Amino acid sequence: MDDKRRLILDQALALVDEHGLGAMSMRAVAERVGLTSMALYPYVGGKDALLDGLVDLLHLELGTGYGEDPGDIDWRQRLCALGRAVRALSRAHPGAYPLLLNRPSAGASASWLTAALRGCLHDAGVPDGQVPRLTRMICAFLLGYTVGEVTGGLPVDEAAAHDDAAEFDADLDDLVRLVEVTVSVA
């Protein structure tokens, strides 16, 4: 990614983190990087392209949060680590995070989450024909759960509210069991 484009996207993400998605405009981003609105267009296109760039940036950050070489650990641990990385990203960027659900995947980095999930499922021994469906289910759970947390749309279990990380880890353990059952009946 071009350095100037990355600077612009980083500043757009910082703006959204500080003031919410509604505060992001080409003019506001341009002011943060010391350019005019028109000077942004060669680097990020219009506002739609800027939003797509934020989706790419979130996916890149997700890949970084997941780790350098998780291939050396068991698929169960990798699946849980991936879930925790998704959740950490949602908490780091709650204003921008819902873009992952309501913007189309824009660039090559957007397929990262799907590829990571497919790798875990392949290593678990899930039959090839079932990998796409199970990938969609797990992706829907991870993104839906975490968007629900950051937007307040997820029902709160009052008994578990004191330790929501433990509750999320228990749900990740359920995902691992789902994969194990899928493999055992295949």
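Higher on the page you've got the structure.
Just so you know, these numbers come straight off a predicted model, no measurement behind them.

Undergrad: In this structure, what is going on with the overall build of the protein? I would like to understand it.
TA: For the protein, the helix and strand inventory stands at nine helices and zero strands. Written out in order from the N terminus, the α and β elements of the protein read α-α-α-α-α-α-α-α-α. With 186 residues in all, the protein has 40% of them scored as buried. As presented, the protein carries roughly 9,400 Å² of accessible surface, and 53% of it is formed by carbon and sulfur atoms.

Undergrad: Explanation requested: the side chain of S90 in the structure shown.
TA: Inspection of the secondary structure assignment puts S90 in helix α5 (residues 75-92). Sequence-distant contacts of S90, that is, excluding residues within four places in its chain, are made with Y97, T146 and V150.

Undergrad: What is the right way to look at the state of the cysteines in this model?
TA: Simply put, the disulfide is a covalent bond whose two ends are the sulfur atoms of two cysteines. In this structure the tally under the stated criterion is zero disulfides. The thiol of C80 is not disulfide-bonded; the next cysteine sulfur, from C120, is found 9.2 Å away.

Undergrad: Would you take a moment to explain the environment of G95 for this structure?
TA: The topology assignment puts G95 in the loop between α5 and α6 (99-102). Residues G95 and L15, 80 residues apart in the sequence, show an inter-C-alpha distance of 9.5 Å. Residues contacting G95, with those up to four places away along its chain left out, are V16 and L21.

Undergrad: Explanation requested: the nonpolar core in the structure shown.
TA: Considering soluble globular proteins, one finds that nonpolar side chains tend to be buried as a cluster. M24, L50, L79, I138 and V179 are the most contacted members of the largest nonpolar core, which totals 53 residues. Excluding anything up to four places from it in sequence, M24 contacts A12, L15, V16, V29, K47, L50, L51 and L54.

Undergrad: What exactly am I supposed to notice about the packing of helix α4 (residues 47-66) against α5 here?
TA: Direction vectors running N to C along α4 and α5 enclose 130°, while the axes themselves pass 9 Å from each other. One way to sum up the angle between α4 and α5 is to call them oblique. Crossing of α4 over α5 shows right-handed handedness. Contact residues: L58, E61, L62, G65 and Y66 in α4; R78, A81, L82, A85, V86, L89 and A92 in α5. Its residues placed into classes, the contact of α4 with α5 shows nine nonpolar, one polar and two charged.

Undergrad: Explanation requested: the pattern of salt bridges in the structure shown.
TA: Close approach of charged atoms allows side chains of opposite charge to pair. One pass over the structure, following the stated rule, counts nine salt bridges. Residues D10 and R6 are paired through a salt bridge, measuring 3.0 Å at the closest nitrogen-oxygen approach. One end of the pair is D10 and the other is R6, both in helix α1 (residues 3-19) and four residues apart, which spans about a single turn. The class of R6 is partly exposed, set by a relative accessible area of 35%.

Undergrad: I tried to follow the packing of helix α7 (residues 112-124) against helix α8 (residues 131-151) on my own but got confused; where do I start?
TA: Helix-helix packing is characterised by the crossing angle of the two axes and by the distance between the axes. For the pair α7 and α8, interaxial distance at closest approach is 9 Å and the crossing angle is 120°. Between α7 and α8, the angle is such that the two are oblique. For α7 against α8, the interelement crossing comes out right-handed. Residue-level contacts link L113, T114, L117, R118 and L121 of α7 to V131, P132, L134, T135, I138, C139, L142 and L143 of α8. Counted by class, the contact of α7 with α8 contains ten nonpolar, two polar and one charged residues.

Undergrad: Explain helix α2 (residues 26-33) here, please?
TA: Three or four residues apart is the spacing at which side chains of an α-helix point the same way, because the helix has 3.6 residues per turn. Looking at α2, one finds that the buried residues are M26, A28, V29, A30 and V33. In this fold, the buried residues of α2 make contact with α1, α3 (37-44) and α4. In the segment just after α2, G34 is the residue with positive phi, at about 75°.

Undergrad: Is there a simple way to explain α8 in this structure?
TA: Counted at 1.5 Å a residue, the expected span for α8 with its 21 residues is 30 Å, and the 29 Å between its end C-alpha atoms agrees. Listing the buried residues of α8 in full gives V131, L134, T135, I138, C139, L142, L143, Y145, T146, V147 and G148. Buried residues along α8 sit against α5, α6, α7 and α9 (164-185). At the C-terminal side of α8, G152 shows a positive phi close to 80°.

Reading guide: rules and limits
Residues numbered from 1 in each chain as written. Predicted model: local features only at pLDDT ≥ 70, side-chain atom pairs only at ≥ 80, totals over all residues. Heavy atoms only, no water. Helix = DSSP H or I, 4+ residues; strand = E, 2+ residues; numbered from the N terminus. Buried < 20%, exposed > 50% of the residue type's maximum accessible area, 1.4 Å probe, protein only. Areas by Shrake-Rupley, 256 points an atom, 1.4 Å probe, with all protein chains shown as cover. Contact = heavy atoms within 4.5 Å. Disulfide = S-S within 2.5 Å. Core = buried A, V, L, I, M, F, W, Y, C linked by side-chain atoms within 4.5 Å. Axes fitted to C-alpha atoms, helices over the stretch in contact; angles between N-to-C directions. Parallel < 35°, antiparallel > 145°, perpendicular 65-115°, else oblique. Left-handed = near helix turned anticlockwise from the far one by under 90°. Nonpolar A, V, L, I, M, F, W, Y, C, P; charged D, E, K, R; others polar. Salt bridge = Lys/Arg side-chain N within 4 Å of Asp/Glu carboxyl O. Expected span 1.5 Å × (residues − 1).

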